[in-house]
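Now for the letters of each chain:
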Amino acid sequence: MTGHRARLGVLGTSLLAMGWGWQAPAHAAAPRTRAEAPAGVHVRDAGADIPVAGGTLSLRLMGGNVLHVHFIPASGATPPALVMAPRTVDLSPTPALASRQGGDLLLRGGRLRVAFDRASGTLTVFGAGERTPLLRLSDAASLAHGTFVLRFASGAALYGVDGSDVFATKPPGLLRRGKRVAKAGWQGDAGAPLVWSTAGFGVLIDSKGATFDLAAASLRVAKLSRPDPDFYLIAGTPAAIFAAVADLSGHAPLFPEWSLGFINSQWGIDETELLGDVSAYRARHIPLDAFELDFDWKAWGQDRYGEFRWNPRKFPDGPSGRLGRELEAEGVHLIGIMKPRIHVDTEEGRYATAHHLWIAGQKPYLDYFSHKPVKSLDFDKPATRAWFFNPTLGHSFRTGIVGWWNDEADQAGSNTQFLNMERALYDGQRGMTDTRVFSLNRNFWLGAQRYAYGLWSGDSQTGFASMARQRSRMLSAIDVGEMWWSMDGGGFYGHPSDQNYARWIEFGAFTPIFRVHGVKPEKRQPWRYGPIAERAATHAIRLRYELLPYMYSYAWHDHAAGVGLVRPLAFDWPDDPQARNDSSAWLFGQWLLVSPVVQPDQTEKRIYLPAGVWTDWSNGKIYLGGRSITVPVDSQAWSDIPLFIRQGAIIPMQRFEDYVGERPVATVRVQVFPGSTRSDFDYYADDGKTYAYEHGAYFLQRLSVQADAGAISLATAAATGSYRPALAHYVFAVQRTVAARVLRDGAPLARAANLAALDKCTDACWTIGGDRYGGVTYVKLPAGVPNRVRIQEGADPH
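Remember, predicted model here, so these are calculated numbers, not experimental data.

About the criteria used
Residues numbered from 1 in each chain as written. Predicted model: local features only at pLDDT ≥ 70, side-chain atom pairs only at ≥ 80, totals over all residues. Heavy atoms only, no water. Helix = DSSP H or I, 4+ residues; strand = E, 2+ residues; numbered from the N terminus. Rg over C-alpha atoms; globule rule 2.2 N^0.38 Å. Buried < 20%, exposed > 50% of the residue type's maximum accessible area, 1.4 Å probe, protein only. Areas by Shrake-Rupley, 256 points an atom, 1.4 Å probe, with all protein chains shown as cover. Lys, Arg positive; Asp, Glu negative; His and termini not counted. Charge placed at Lys NZ, Arg CZ, Asp CG, Glu CD. Pairing = 2+ DSSP bridges. Axes fitted to C-alpha atoms, helices over the stretch in contact; angles between N-to-C directions. Parallel < 35°, antiparallel > 145°, perpendicular 65-115°, else oblique. Contact = heavy atoms within 4.5 Å. Nonpolar A, V, L, I, M, F, W, Y, C, P; charged D, E, K, R; others polar. Salt bridge = Lys/Arg side-chain N within 4 Å of Asp/Glu carboxyl O. 1 Å grid on protein atoms, 1.4 Å probe; cavity = no way out; pocket = protein on both sides within 12 Å on 5 of 7 lines; lining within 4 Å. Points joined across faces, edges and corners; volume = space filled by probe spheres on them. Patch = residues over 30% accessible without salt bridge, like charges linked within 9 Å, V, L, I, M, F, W, Y side chains within 5 Å.

Peer 1: I'd like a rundown of the overall build of the protein chain, residues and numbers included.
Peer 2: A count of helices and strands for the protein chain gives 14 helices and 48 strands. Over its C-alpha atoms the protein chain spans a radius of gyration of 28 Å, differing by no more than 12% from the 28 Å that the globule rule assigns to 798 residues. Its C-alpha atoms give the protein chain principal-axis dimensions of roughly 80 × 80 × 50 Å. Residues classed as buried in the protein chain amount to 62% of the 798 residues present. Total accessible area computed for the protein chain in this model is approximately 28800 Å², and 53% of it derives from carbon and sulfur atoms. Measuring between centres, the 83 positive side-chain charges of the protein chain sit 5 Å from its 77 negative side-chain charges.

Peer 1: How would you sum up the sheet that holds strand E32 (residues 592–594)? Please name residues and give values.
Peer 2: If you walk across this open sheet you meet the 6 strands as E30-E31-E32-E37-E34-E35, and the pairing is antiparallel. In this open sheet, the two edge strands, each paired with only one partner strand, are strand E30 (566–567) and strand E35 (622–624).

Peer 1: Tell me about the packing of helix H3 (residues 271–284) against helix H4 (residues 322–329), and name the residues and values.
Peer 2: Running from amino to carboxyl end, H3 crosses H4 at an angle of 10°, the nearest separation of the two axes being 11 Å. If you check the angle between H3 and H4, you find them roughly parallel. Counting all contacts with H3, which are made through Glu271, Leu274, Leu275 and Val278, the residues of H4 involved are Leu323, Glu326 and Leu327. Considering only residue class, the contact of H3 with H4 consists of 5 nonpolar, no polar and 2 charged.

Peer 1: I'd love a proper account of the pattern of salt bridges, names of residues and values included.
Peer 2: Under the counting rule described, the total for this entry stands at 37 salt bridges. We note a salt bridge from Glu330 to Arg282, for which the minimum N-O separation is 3.8 Å. Here Arg282 lies in helix H3 and Glu330 lies in the loop between H4 and strand E20 (333–338), a separation of 48 residues in the sequence. A salt bridge links Arg790 to Asp708; the shortest N-O distance between them is 3.1 Å. Residue Arg790 is found in strand E48 (residues 787–792), and its partner Asp708 is found in strand E41 (residues 699–708); the two are separated by 82 residues along the sequence. According to the relative accessible area criterion, Arg790 is partly exposed, its value standing at 28%. Residue classification places Asp708 among the partly exposed positions, given a relative accessible area of 37%. In the salt-bridge network here, residues are joined through shared partners; they are Lys339, Arg341, Asp367, Asp407, Glu408, Asp410, Arg442 and Asp459.

Peer 1: Quick rundown of the layout of surface pockets? Include the residues and the values.
Peer 2: What the largest pocket holds in volume is close to 1100 Å³. The wall of the largest pocket is formed by 45 residues, among which Val660, Gly661, Asp687, Gly688 and Lys689 lie closest to the centre. Mapped onto the lining of the largest pocket, the elements with two or more residues apiece are H4, E20, helix H7 (391–398), helix H12 (548–561) and strand E40 (679–685). Taken together, the residues that form the lining of the largest pocket break down as 22 nonpolar, 12 polar and 11 charged. Taken as a whole, the second largest pocket encloses approximately 790 Å³ of empty space. Lining of the second largest pocket is provided by 27 residues; of these, Glu546, Met653, Gln654, Arg655 and Arg669 occupy positions nearest its centre. Residue assignment for the lining of the second largest pocket shows that the elements contributing at least two residues are helix H11 (530–546) and strand E39 (667–672). Grouping the constituent residues of the lining of the second largest pocket by class yields 11 nonpolar, 6 polar and 10 charged.

Peer 1: How would you sum up the pairing of strand E8 (residues 122–127)? Please name residues and give values.
Peer 2: In terms of residue burial, E8 counts as a mostly covered element, since 6 of its 6 residues are buried. Burial of E8 is two-sided: the residues Thr122, Thr124 and Phe126 facing one way and the residues Leu123, Val125 and Gly127 facing the other way are all buried. Both E8 and strand E9 (residues 135–137) contribute to a ladder of 3 bridges, which runs antiparallel. In the sheet register, Val125 faces E9, and the bridge partner there is Leu135.

Peer 1: Describe the side chain of Gln429, listing the residues and the values that go with them.
Peer 2: When you line up the elements, Gln429 lands in helix H8 (residues 417–432). With residues near it in sequence (within four places) discarded, Gln429 still touches Phe389, Phe397, Trp404, Thr435, Arg436 and Val437.

Peer 1: Pulling in residues and values, what's your account of the environment of Ala412?
Peer 2: Among the structural elements, Ala412 can be located in the loop between strand E24 (401–406) and H8. Sequence-distant contacts of Ala412, that is, excluding residues within four places in its chain, are made with Ile359 and Gln417.

Peer 1: Which residues make up a nonpolar patch on the surface, and what values do they have?
Peer 2: On the surface, Val613, Ile622 and Leu624 cluster together into a nonpolar patch covering about 230 Å² of accessible area. In this structure, Val613 sits in strand E34 (residues 613–616). The class for Val613 is partly exposed, based on a relative accessible area of 31%.

Peer 1: Kindly report on the pairing of strand E2 (residues 47–52), identifying the contributing residues and their values.
Peer 2: With 5 of 6 residues buried, E2 lies mostly within the body of the structure. Counting the residues that bridge the hairpin from strand E1 (residues 42–44) to E2 gives 2 residues. Alignment of E2 against strand E3 (residues 55–62), held across 6 bridges, turns out to be antiparallel. Looking at E3, one finds that Asp49 is bridged to Ser58.

Peer 1: Tell me about the sheet that holds strand E12 (residues 178–182), and please be specific about residues and values.
Peer 2: Here 9 strands make up an open sheet; going across it, the order is E5-E6-E7-E8-E9-E10-E16-E15-E12 and the pairing antiparallel. Both outer strands of the open sheet, strand E5 (97–101) and E12, are each paired with one neighbouring strand and no more. Strand-to-strand twist of the sheet, defined as the mean angle between neighbouring strand axes without regard to direction, takes the value 20°. Where E9 meets strand E10 (residues 148–151), 2 bridges bridge the pair, whose relative direction is antiparallel. Its bridge partner lying in E10, Leu137 is registered against Leu150.

Peer 1: Describe in detail empty space enclosed by the protein, supporting the description with residues and values.
Peer 2: Here the structure, examined in full by the defined rule, presents 2 cavities of 30 Å³ or more. Space inside the largest cavity adds up to approximately 110 Å³. Lining the largest cavity are 15 residues, with Ala246, Gln449, Gly481, Asp558 and Gly562 positioned closest to its centre. Per-element accounting of the lining of the largest cavity gives the leading share, 4 residues, to helix H2 (residues 238–249). Taken together, the residues that form the lining of the largest cavity break down as 7 nonpolar, 6 polar and 2 charged. Approximately 40 Å³ is the volume attributed to the second largest cavity. Leu254, Phe255, Pro256, Glu257, Ser259, Leu260, Trp484, Tyr552 and Ala555 together form the lining of the second largest cavity. A class-by-class count of the residues in the lining of the second largest cavity yields 7 nonpolar, 1 polar and 1 charged.

Structural data, given as structure tokens:
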């Protein structure tokens, strides 16, 4: 990087001398005070305002690793775009130490160092302790023309900007290069004015849209929606970048816990069939938490707000709430489809006309289902949003439609039409109840996550090829900030083979939102695909329910820190070239790697395992990472899911239930695979239903483990939050360890004779046993309180 350093000239030399590439010695001159800022520059506690051609360049350090750059022309600043959270301005400012070198401004704060060379208009950003610039804006004057170029180290892997729609037969993979348009798109697409890199930086633009030209060592941004370019430069790991993106664009609220269960969607169903299907799920003990209803649930095409109310012919007990109550008693929740259009010649249509709620200039057209004239509402209008969750829809919610499946708003061509449609439902529901909002939508624009917004990948074809394409589409959506993704398991169009159905289900079990769906009259219940597929599907569904405590803790992590349940491999191995564009496998939480089978009749599968030590979930075989392995695939029973456990894993589990919350969970079994580096897991619980967690009613406890010479250290921290779950004990299954003695808080812990005796233990105790992974030391500890345990001796040679 000598050339890059040379281009910095005198300023670059001064930065190095001031410790910007190395730690300055104690006798070095201290940075000058704010009073010594260059003439004309107004220095603030967290940044500076710098006069430049055509306006003012505002620099603000935020959150420790974010530089907010805003060019404000003489005409003044414009309001932020919808991509930004309303309270972004409240993101904590980072105290900045300002100094000067000649006419140049130097800022230092948090984990960033910033230099602005007034002569050339060059803005340079350094990470903490870095000699090489992280990002460099070479011509601040270009901001007056609504464009700018950022330069960085050559070869940086770039991600973000866009995804792909359901019709792309060759999705672009995960890496991004060339000309890209940030757009919400349609049919499962996802977009954001966001580029980020595993080289340690992210760029978030405050704009309703943008174009990017991504090259090996630079990116150009143009076609912004605002005349005053406004953007955020972020430094850090992928996790740190997405935490900042969440802080800036808004944190996702928690979905209801039931939404982590299995969802059966169907077009073409009535009350009798629905109740029969629910009874069949329960009789077979195939877990199910929700049924998603298409057009059938509503009085579509009828007057008196037919788009918002029950169809009493197909669901006679819907309007009274009797059906909803009956299903609630079975642990089943109803999700209803919503459309962005209403019929013109109706009471509601005349209201929309009188109050100018339609998309401007659109003429009536015939609806493909009712064959009557309709028009689309403009959800970018506040008046439309305020009206949409009307009393009729409120009644449907109170009588059983407790989730929203928003469809076809992607046809309007607006990046924010879908976002604002769900925003209307989110605001309406939260205005009348404390019940958590759940929604599925057919495209995504960053900022939508603030409104309890899930994405599904559109009207996909069935078959193995279509299923395989969903992998990169899911991970690309996550790369632009949509952590809650789903697909039509089985494919929307066509009828999957029995084998294909089984593999769709196994894939879906390791996605954020797990559901099946098909075009009318397709049905996607497991027993409709033969006994072999039913067994394989049932196994996968039950396994997901066993992992519920693990999954729900990562749902909380998404809410709190912006990274959710599914993560591309590059999130945790940013420096691994083989992980950069790998969509064949992903992390499910921090500790599980899954690589679903997506080819028919496959007998073996090649899988890349990143650095580390990995254990095959199904048979306990150990693999050294940083290489590709070949594993056998069951081409006859289709019951295997290539799933691997990362060394250091802490995986809380429970017995599977027929539905989430069927019974109180008093004991959680925690699978532990100790490593030489300390591992932590933040176990989370709350009521799973309301927003009480926003007011402190949650349970959060850190679990930790570490192996060292001849012993394992196990710890639970004090729990935080005011909520107290039914959880009374953890049973830690410490794998490949056969203890001779176990100490708790320095004192010997009582040993139980066997697992049955351990189950009866009312406080804390331990025993030994074994499973497919080898010898196991089981340690039972009270939940919610601090525990410090030392497991001595007895590493199992297996």
